[in-house]
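# Reading the structure
In case you want the letters, here they are:
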Amino acid sequence: MLSVVLGGLRARWASFLGGFLALALGVGLLTATGLGLAAALDPPAHAPERFASSPVVVLGQDRLTVEVRRGPGTALVSKPLDRPQPVDTALLRELRARWTLTETETETDNAAGGTTAPDAVGLDAPADQVRAVVGDRAQVLTGDDRRRADPGHERDGHALTGLYALLGTAGGVAAFVSVFVVASVFAFSVALRRREFGLLRTAGATPGQVRRLLLAEAAALGVTASATGCALGALAARPMARALVARGLAPDWFASAVGGSAGWPYHLGFWTGLCVALAGAAAAAHRAGRTGPTDALREADVDRDVLPPGRALLGGGLLLAGLGLLVWTYATEPEALLKRKTYTTLPMLLMGGAALLAPLLVRPVARLLPVPRGGAVGLLVRENGAAAVRRTAAVAAPVLVTVALAGTLFGASESVTLAKETEARDRTAAPYVVEGRKVELPGSAGRKGAVVAASGPTSLFVRDGAEALVKYQGRAVADPAAFAALARLPVVAGDLRDLDDRSIVVNEEFEKRTVGEEVEVWRADGSGPVRLRVAAVLARGTGDNGPYVTRAQAPGSALDRLESDRPLPAAGTAAAAAPVNEAARTGLRLILVLVLLYTVIALASTLLMATSVRGGELASLRLAGATRSQALRAVTGEAVLAVAIGAALGLGVTAAVLGGLGAGLAALSAPVALAVPWAQTGAAAGVCVLVAVAASALPAWRLTR
């Protein structure tokens with residue numbers, strides 16, 4: 001068996017080249033992203049900067065801890081505060097009475113206009129004695145933990161959170177597309193080797209032996225490609241990390257930390273690659289085992305039984321699951337449709353189902369596409385595309401995935417951004433807006449006769465039932481009357497003019513949202529709880545509609561936005577749009593390039609295999625009077641038709657996802673502003689056409705010499 005496997009791999013190395021490259025690339029990316037995640041999950045120790053000379057640091061509490069119900073008992077849950085609380089004044093007096101304290105100012109203090117007490121102090125004293133004095137009134141940090149008092153520690157945390165999402169998404173897409181491409185290559189390879197398997201059966205091979213032959217080929221391919229991919233991942237990890245740091249997507253220390261002693265990324269990449277190869281070949285091996293001895297005598301090129309019951313059941317199940325999940329999410333939690341986690345993973349179900357059902361969809365879609373009907377070449381393109389369903393579906397499937405991913409990822413991301421921008425413009429009637437990290441409210445002389453609404457960011461912590469604590473990002477307004485005069489918020493109940501220091505404006509996401517009802521709230525610094533009356537209720541929108549409180553309930557909040565009905569000093573800008581997440585866009589571009597590379601490999605390998613065995617067919621065309629140019633146009637036309645079918649199916653998946661997103665925006669009373677990424681989908685389809693034409697024309701030109 002081993003000699004037969006090795007001999008087959010040597011004789012048909014070109015047939016396995018596409019699967020080998022796709023698998024090696026996928027394993028390489030998994031290994032590289034795994035090494036990046038290993039560095040991010042276990043960052044190297046950094047020397048503290050703010051209190052480098054102090055062996056002990058006393059830091060104010062930086063988390064809010066609340067008791068909630070858990071089953072028959074209770075439990076404590078914690079949420080991070082926007083910034084550490086100031087160290088208690090009485091505690092500072094006790095510490096100063098015993099030791100000399102080191103106090104420094106932070107960027108947060110500057111932005112907030114100063115604090116009544118420092119959030120951290122350093123001292124040179126025995127840690128156990130300091131803990132005895134502090135108790136539970138603050139945190140005592142020693143060693144590397146002192147870095148928690150550095151302003152950069154919080155920035156690193158935000159950067160790492162985005163890095164986890166980027167690397168995890170890239171690795172997940174790599175695994176998904178690797179399975180898809182490898183399975184497609186093996187499936188089409190089995191279809192082309194039908195006569196070979198028929199001869200093996202005629203010579204006495206059992207179905208089990210044929211299946212084991214294919215699985216052994218897949219295992220050999222998986223081992224070699226996975227080993228190659230691990231080596232590629234090790235080489236690519238450092239350059240990838242440097243590129244992420246250069247684009248501001250990772251902390252400065254990330255590049256030097258990648259590629260350490262962690263071994264699990266190599267195991268993850270290798271064993272995942274091997275499992276992908278075996279899983280991709282399993283269905284093809286089962287079909288190969290069903291080949292009968294009479295298949296060695298078949299000459300007809302019209303495909304039969306192109307959609308086995310198992311494939312039809314799995315494809316239909318995935319398609320129904322994707323559509324059902326889309327409808328269920330819209331009906332129960334429409335705001336989830338706006339999240340990247342949803343519009344990244346949900347389309348994969350639809351793409352998988354459509355790709356598996358591609359042989360069934362090829363003929364009806366081909367009839368709908370505008371294929372030239374005049375002349376022999378147009379007739380050959382249409383009829384050959386409809387007859388050779390396996391070949392057409394094998395070419396269309398990777399194009400479907402590429403166009404659908406480009407359409408859904410970029411389309412959903414840009415649509416959510418556009419909806420947020422539109423909503424941000426619609427939230428105010430002020431023609432003049434000033435935004436910045438910190439803005440100053442003009443004096444009475446500077447705003448004489450003008451209505452000026454000033455606000456700043458804050459956080460509010462609210463119980464969700466008795467079992468959870470939820471952190472909301474809200475706004476603190478300086479003048480409730482001016483705020484009510486200029487705001488154009490989607491109010492569904494109550495009146496914005498009723499907002500005062502003892503009330504709150506909530507949105508429909510709150511559990512308690514009846515006007516006049518009281519809500520128990522903890523402030524951004526962890527103080528509270530206080531009970532605030534609901535003055536008005538807003539529609540949920542894209543997620544930025546409230547809550548709103550006055551600055552009395554937002555200690556430490558700095559003003560970052562001024563709205564006015566008249567020009568102000570240093571004002572004159574139009575209503576600001578929502579900030580663009582450049583890190584998310586960079587991640588989407590990375591994923592699209594990755595998927596496009598996979599598609600190029602799949603298209604090139606499939607068409608090279610398919611066209612290389614069409615020598616007899618092309619010779620018959622020449623004998624029937626077709627010129628060499630006509631034969632080449634027929635072959636390349638079939639490739640373009642298959643790409644067009646895949647693009648049409650991919651646009652269908654895109655329409656379903658963006659349609660669900662639009663319905664979700666409407667259900668949230670948010671602006672329905674859908675952005676169809678024609679540039680990205682067109683570029684992806686264009687690259688596929690070029691590759692398909694080249695990969696089909698080159699072997700056809702050689703065969704028609």
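Cut-offs and rules
Residues numbered from 1 in each chain as written. Predicted model: local features only at pLDDT ≥ 70, side-chain atom pairs only at ≥ 80, totals over all residues. Heavy atoms only, no water. Helix = DSSP H or I, 4+ residues; strand = E, 2+ residues; numbered from the N terminus. Buried < 20%, exposed > 50% of the residue type's maximum accessible area, 1.4 Å probe, protein only. Areas by Shrake-Rupley, 256 points an atom, 1.4 Å probe, with all protein chains shown as cover. Salt bridge = Lys/Arg side-chain N within 4 Å of Asp/Glu carboxyl O. Axes fitted to C-alpha atoms, helices over the stretch in contact; angles between N-to-C directions. Parallel < 35°, antiparallel > 145°, perpendicular 65-115°, else oblique. Left-handed = near helix turned anticlockwise from the far one by under 90°. Contact = heavy atoms within 4.5 Å. Nonpolar A, V, L, I, M, F, W, Y, C, P; charged D, E, K, R; others polar. Pairing = 2+ DSSP bridges. Phe/Tyr/Trp six-rings, centres within 6.5 Å; stacked < 30°, edge-to-face > 60°. Patch = residues over 30% accessible without salt bridge, like charges linked within 9 Å, V, L, I, M, F, W, Y side chains within 5 Å. Core = buried A, V, L, I, M, F, W, Y, C linked by side-chain atoms within 4.5 Å. Polar contact = N/O pair within 3.5 Å; in protein donor to acceptor, adjacent residues only side chain to side chain. Arc of directions from axis to C-beta.

### Re the overall build of the chain
When its secondary structure is counted, the chain shows 20 helices and 15 strands. Counting only residues that meet the buried cut, the chain has 50% of its 705 residues in that class. Counting only carbon and sulfur atoms, one obtains 59% of the accessible surface of the chain, whose full area is about 31200 Å².

### Some remarks on the pattern of salt bridges
Tallied over the full model, the rule gives 13 salt bridges. In this structure, Arg427 and Glu423 form a salt bridge, with 3.6 Å as the shortest nitrogen-oxygen distance. Across the pair, Glu423 and Arg427 agree in class, each one buried. For Arg533, the salt bridge goes to Asp500, with nearest N and O atoms at 3.6 Å. Placement of Arg533 in strand S13 (residues 530-538) and of Asp500 in the loop between strand S10 (491-494) and strand S11 (503-507) is noted, with a sequence separation of 33 residues between them. Residue classification places Asp500 among the partly exposed residues on the basis of a relative accessible area of 31%.

### Details of the packing of helix H11 (residues 309-332) against helix H12 (residues 340-356)
Direction vectors running N to C along H11 and H12 enclose 150°, while the axes themselves pass 7 Å from each other. In terms of orientation, H11 lies roughly antiparallel with respect to H12. Between H11 and H12 lies a crossing of left-handed hand. Counting all contacts with H11, which are made through Arg311, Leu314, Gly315, Leu318, Leu319, Ala321, Gly322, Leu323, Leu325 and Leu326, the residues of H12 involved are Leu346, Leu349, Leu350, Gly352, Gly353, Ala354, Ala355 and Leu356. Looking at the contact of H11 with H12, its residues break down into 13 nonpolar, four polar and one charged.

### Side note on the sheet that holds strand S4 (residues 101-102)
Pairing between the strands of a sheet is mediated by backbone hydrogen bonds and can be parallel or antiparallel. Spatially, the four strands line up as an open sheet ordered S4-S5-S1-S6, and their pairing is antiparallel. Only two strands of the sheet have a single partner each, and these edge strands are S4 and strand S6 (139-142). Where strand S1 (residues 56-59) lies against S6, four bridges are found, and the strand directions are antiparallel. Paired with Val57 across the strands is Leu141, a residue of S6.

### Quick word on the packing of helix H15 (residues 389-426) against helix H20 (residues 678-703)
Two numbers describe how H15 lies on H20: the axes approach to 8 Å, and their chain directions differ by 165°. Between H15 and H20, the interaxial angle falls into the category roughly antiparallel. Like other packed secondary-structure pairs, H15 and H20 cross with a definite hand, here right-handed. Along the contact surface, H15 presents Val399, Thr402, Val403, Ala406, Gly407 and Phe410, while H20 presents Gln680, Thr681, Ala684, Ala685 and Cys688. By residue class, the composition of the contact of H15 with H20 is seven nonpolar, four polar and no charged.

### Quick notes on the side chain of Ser413
Topologically, Ser413 is positioned in helix H15. For Ser413, a relative accessible area of 9% translates into the label buried. Residues within four places of Ser413 in sequence aside, it is in contact with Tyr343, Thr408 and Leu588.

### A few points about the packing of aromatic side chains
For the coordinates displayed, the defined rule picks out three aromatic pairs. Aromatic side chains Phe270 and Trp271 sit 5.1 Å apart centroid to centroid with 90° between the ring planes, which places their arrangement in the edge-to-face category. Overall, the relative accessible area of 48% leaves Trp271 in the partly exposed class. A centroid spacing of 5.0 Å and a plane angle of 35° characterise the contact between Phe483 and Tyr548, whose relative ring orientation is tilted. Taken together, the positions of Phe483 in helix H16 (residues 480-486) and Tyr548 in strand S14 (residues 548-550) put the pair 65 residues apart, joining distant regions of the chain. Tyr548 matches Phe483 in its accessibility class, with the two residues each being buried.

### Overview of unusual backbone geometry
Located in the positive-phi region is Ser669, a residue other than glycine, with phi close to 60°. Along the chain, Ser669 turns up in the loop between helix H19 (628-667) and H20. Residue Ser669 is classed as partly exposed on the basis of its relative accessible area of 45%.

### What about a nonpolar patch on the surface?
Where nonpolar side chains cluster on the molecular surface, the patch consists of Leu41, Tyr164, Trp264 and Leu268 and spans about 390 Å² of accessible area. Given a relative accessible area of 38%, Leu268 falls into the partly exposed group.

### Observations concerning the nonpolar core
Formed by 58 residues in total, the largest nonpolar core has its most connected members in Val173, Met351, Ile645 and Leu661. In terms of residues, this core owes the most to one element, H15, which gives 14 residues. The residues touching Met351, leaving out its near neighbours within four places in the chain, are Phe176, Leu400, Val401, Ala404, Leu405 and Val653. Counting residues in each nonpolar core, the second largest holds 20 residues, with Leu35, Leu160, Leu163 and Val245 among its members.

### Quick look at the pairing of S11
Burial analysis of S11 places five of its five residues in the buried class, which makes it a mostly covered element. Across the two faces of S11 the burial is the same, with Ser503, Val505 and Asn507 and Ile504 and Val506 all buried.

### Regarding the environment of Thr550
Of note, Thr550 is situated in strand S14. You can call Thr550 buried: its relative accessible area is 2%. With 95 residues separating them in the primary sequence, Thr550 and Ser455 have C-alpha atoms 8.6 Å apart. Beyond its immediate sequence surroundings of up to four residues, Thr550 is in contact with Ala476, Val477, Pro480, Leu499, Asp500 and Asp501.

### Some words on the side chain of Asn545
Position of Asn545 relative to the elements: it lies in the loop between S13 and S14. Among the residues examined, Asn545 registers a relative accessible area of 0% and is labelled buried. Polar contacts involving the side chain of Asn545 include one to the main-chain carbonyl oxygen of Ala539, which spans 3.1 Å. If we ignore the near neighbours within four places in the chain, the residues touching Asn545 are Glu423, Arg427, Pro490, Asn507, Leu538, Ala539 and Arg540.

### Some points on helix H7 (residues 194-202)
Turning to H7, its buried residues are Arg194, Phe197 and Gly198. The arc that holds every buried residue of H7, seen down its axis, measures 105°, which confines them to one face. At the C-terminal side of H7, Gly204 shows a positive phi close to 110°.

### Regarding helix H5 (residues 127-134)
Those residues of H5 lying buried are Ala127, Val130, Val133 and Val134. An end-on view of H5 places all buried positions within 125° of arc, on one side of the element. When the buried face of H5 is taken as reference, the exposed residues oriented beyond 90 degrees from it are Asp128 and Ala132. On its buried side, H5 packs onto S1, helix H3 (89-98), strand S5 (120-123) and S6. Just past H5, the residue Gly135 takes up positive phi, approximately 65°.

### Describing the pairing of strand S3 (residues 73-80)
Across eight bridges, strand S2 (residues 63-70) lies against S3 in antiparallel orientation. Its bridge partner lying in S3, Thr65 is registered against Ser78. Between S2 and S3, which follow one another and run antiparallel, lie two residues, and Gly71 among them has a positive phi close to 65°.

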